[in-house]
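Here is what each chain is made of, one letter per residue.
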Amino acid sequence: MPELQSNYSEFFTVDESYYPEINPDSIKGDIDGWMKTWPHPTFIELLEKTERMLAREARGKKHCIWVQGAFGTGKSRVIWTVKELLSCSEEKFNDYFNEFPALRAKTDLREKFLAHKQGKIVTAFRYSSGDISNTRKLIMAIYESISDALKKAGYDYLGTRTIRGRIAAWLEDEEKQQIFQIMLNKPEYRSKGSFAGKSPEDILTQLRSTANVDQLINDILDMSENERIGVYDLTMADLKDWITDIIDNNKLTALVLLWDEFSSYFKQNLNTLDQLQSLVELCAIKPFEMIIVTHEIGALDRNGENTQLSNIVKDRFEVVRIEMPDNVAFDLIGHAMKPNVAAHDTWELYLDDIAGRSSEARMAVARQVNVGDDVLRRMTPIHPMAALMLKYISERFASNQRSMFNFIKSDETEDLHAFQWFINTHTPDNPDILTMDYLWDFFYEKGKDYLTSDIKLILDTYPQQTNLTEKEKVVLKTILIMQAVDQRLGGTIPVLKATDQNLSYAFEGDWDVYENECKSIAKALVKKGVLIQTPIADGKQVYSAAVLAGDGAKIDRLKDEVRKNGTITKLVEEGTQLASALSLTPPLRLRYA
């Protein structure tokens, strides 16, 4: 072994092009970053359904796609890649398909996609729906996104025949004419040929005529955008007519609207979905296709009572659930670690030593997730059991800020005690290994507000404990994380159960203390009444918290029930202590008696 003391960061860093979260800002400086998207099975399913959508071969009336998935599963990355595959050159398309064996085998899919790309496809892309609080904003957002896509694609016809009537109706109002005149008086508009020497009345007359007014309308729309004034107000029927107009007159073979992070729209408009349903119905008539991306559909309607939402999904959308397979997740983490070429030989010596210390744990994880030993070795210094836990605990968060990829990418200056902090402050000489307990700060101390209630309920028992040694704290954190995630997964991942064997796996290679003492430390916590052991199958016993903080899931259900059914009258009738809770003066008591 080398005798030089070094931090892990001297041997590798996190690739700067590795983005934990895809959004308009993160892709600006890496326009070809989509070509690194790993074609895992659920992404290939999305590509296949996209191809059938373009071919208009979807079953029944389903000509749209609903992409759903948990936080941190890569939905934004795959939708970005679909957008680029639809609009990129044939050369780049083939480069991407040739890069990955899984796609090279899909020759039929490649040929069909390339055939579609010979037609006229326009792709409009929109990110986030947090500001779409009503139907009018939905209509204008779609109109603006498609208009922008047409301009970028070089199309001259922007649907002016449909828009001219709406602008004319707007200009019939005298107050609107006064606003329009103020704009016309500005030098930058007075010099435009379509405006020169004309009053609002002249322009209104021209709009009502049968003359070609395409340039005039384009200038009006530009002025409207620059001055932030709305010169028309479209209805959903108008929008559908406009989309039909631009498809027909531009002879488009497909107009595809991809909308990422669409979940907020449903949270704000769950009871007014008829307008969206009306728009989606157009997709069955014209080659207008929508691909929307949300979190789990069930999370949008937690009580499962919105039949309109479920009917829209069932009748109009092909659903694709994006999942991040364990082996793919591990591969992506391994690829994120950018080696220092100059220190390669030294690192290989360290790697042989560190990886050799956790061989049994690595074998157990490899059997569980069907991943190669080389992939798990490449993730060093992340312990194999910690890597598995990282994948599953991050999926239990209601926020992208605590995804598996954010744990790897987050800078250590953010005081999150994530992966970059670890490699900058720990050394392979001891060697330090990133075991499960190192996930605690990132996912609990700094992330508890985003945890699902059932997991938080278990982890909340830790701060209630007092007089624990440092060793006991480390082992307790590990057991609580294992208990919480195992319970959430319904026991489907046996190696994550908090048994003696799995606890040994979790600390294997963490010499000298924890590998040898973790089981005796856990039993000491049982004697203290902090933990209990419960029998399970095969004569094994599982550790769990002796006392939970409270039934968080039940409390959440009761809160939802009160919000749904609670009324002031019911509170007064059933809340026997309500009267005593309010202290009234004698005159007020007489008044409200």
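None of the values given here were measured: they were computed from a predicted structure.

Scoring rules and cut-offs
Residues numbered from 1 in each chain as written. Predicted model: local features only at pLDDT ≥ 70, side-chain atom pairs only at ≥ 80, totals over all residues. Heavy atoms only, no water. Phe/Tyr/Trp six-rings, centres within 6.5 Å; stacked < 30°, edge-to-face > 60°. Buried < 20%, exposed > 50% of the residue type's maximum accessible area, 1.4 Å probe, protein only. Helix = DSSP H or I, 4+ residues; strand = E, 2+ residues; numbered from the N terminus. Lys NZ or Arg CZ within 6 Å of the ring centre and 35° of its normal. Expected span 1.5 Å × (residues − 1). Axes fitted to C-alpha atoms, helices over the stretch in contact; angles between N-to-C directions. Parallel < 35°, antiparallel > 145°, perpendicular 65-115°, else oblique. Left-handed = near helix turned anticlockwise from the far one by under 90°. Contact = heavy atoms within 4.5 Å. Nonpolar A, V, L, I, M, F, W, Y, C, P; charged D, E, K, R; others polar. Pairing = 2+ DSSP bridges.

## Observations regarding the packing of aromatic side chains
Stage number 1. Evaluated as defined, the whole model comprises 30 aromatic pairs.
Stage number 2. Ring geometry for tyrosine 265 versus phenylalanine 266: centroids 5.4 Å apart, planes at 80°, classification edge-to-face.
Stage number 3. Overall, tyrosine 265 belongs to the buried group, its relative accessible area being 0%.
Stage number 4. Taking relative accessible area as the criterion, phenylalanine 266 reaches 1% and is therefore assigned buried.
Stage number 5. For the pair tryptophan 440 and tyrosine 444, a centre-to-centre distance of 4.8 Å together with 45° between the ring planes defines the contact as tilted. One end of the pair, tryptophan 440, and the other, tyrosine 444, are both in helix α25 (residues 440–445), 4 residues apart, so they sit about a helical turn from each other.
Stage number 6. The exposure class of tryptophan 440 is buried, given its relative accessible area of 1%.
Stage number 7. By way of ring pairs, the aromatic residues Tyr8, Phe11, Phe12, Trp347, Tyr350, Phe419, Trp421, Phe422 and Tyr438 are connected into one cluster.
Stage number 8. Above the face of the tyrosine 392 ring, lysine 391 is positioned so that its terminal group lies 4.9 Å from the ring centre.

## Regarding helix α2 (residues 41–54)
Structural remark: α-helix, 3.6 residues per turn; residues separated by three or four positions point the same way.
Stage number 1. With 14 residues, α2 ought to run about 20 Å at 1.5 Å a step, and its terminal C-alpha atoms sit 20 Å apart, in line with that.
Stage number 2. With 10 of its 14 residues buried, α2 lies for the most part within the structure.
Stage number 3. Among all positions of α2, only Thr42, Phe43, Ile44, Leu46, Leu47, Lys49, Thr50, Glu51, Met53 and Leu54 are buried.
Stage number 4. Phi turns positive one or two residues past the end of α2, at arginine 56, with a value near 60°.

## Examining the packing of helix α22 (residues 384–394) against helix α27 (residues 470–488)
When two helices pack together, you describe them by how their axes are tilted relative to each other and by the distance separating the axes.
Stage number 1. Orientation of α22 relative to α27, taken along the N-to-C sense of each, is 50°, at an axis distance of 11 Å. As far as their axial angle goes, α27 and α22 are oblique. In this structure, α22 crosses over α27, and the sense of that crossing is left-handed. The residues of α27 that touch α22, namely those facing Met385, Met389, Tyr392 and Ile393, are Ile481, Met482 and Val485.
Stage number 2. When the residues that make up the contact of α22 with α27 are grouped by side-chain class, the tally is 7 nonpolar, no polar and no charged.

## Observations concerning the sheet that holds strand β5 (residues 288–293)
Stage number 1. Strand order in the open sheet formed by 5 strands is β3-β4-β5-β2-β6, with parallel pairing between adjacent strands. Only two strands of the sheet have a single neighbouring strand rather than two, namely β3 (121–127) and β6 (317–321). With direction set aside, neighbouring strand axes in the sheet form an average angle of 15°.
Stage number 2. Across 5 bridges, strand β2 (residues 64–68) lies against β6 in parallel orientation.

What is shown is where atoms sit, not what they do.
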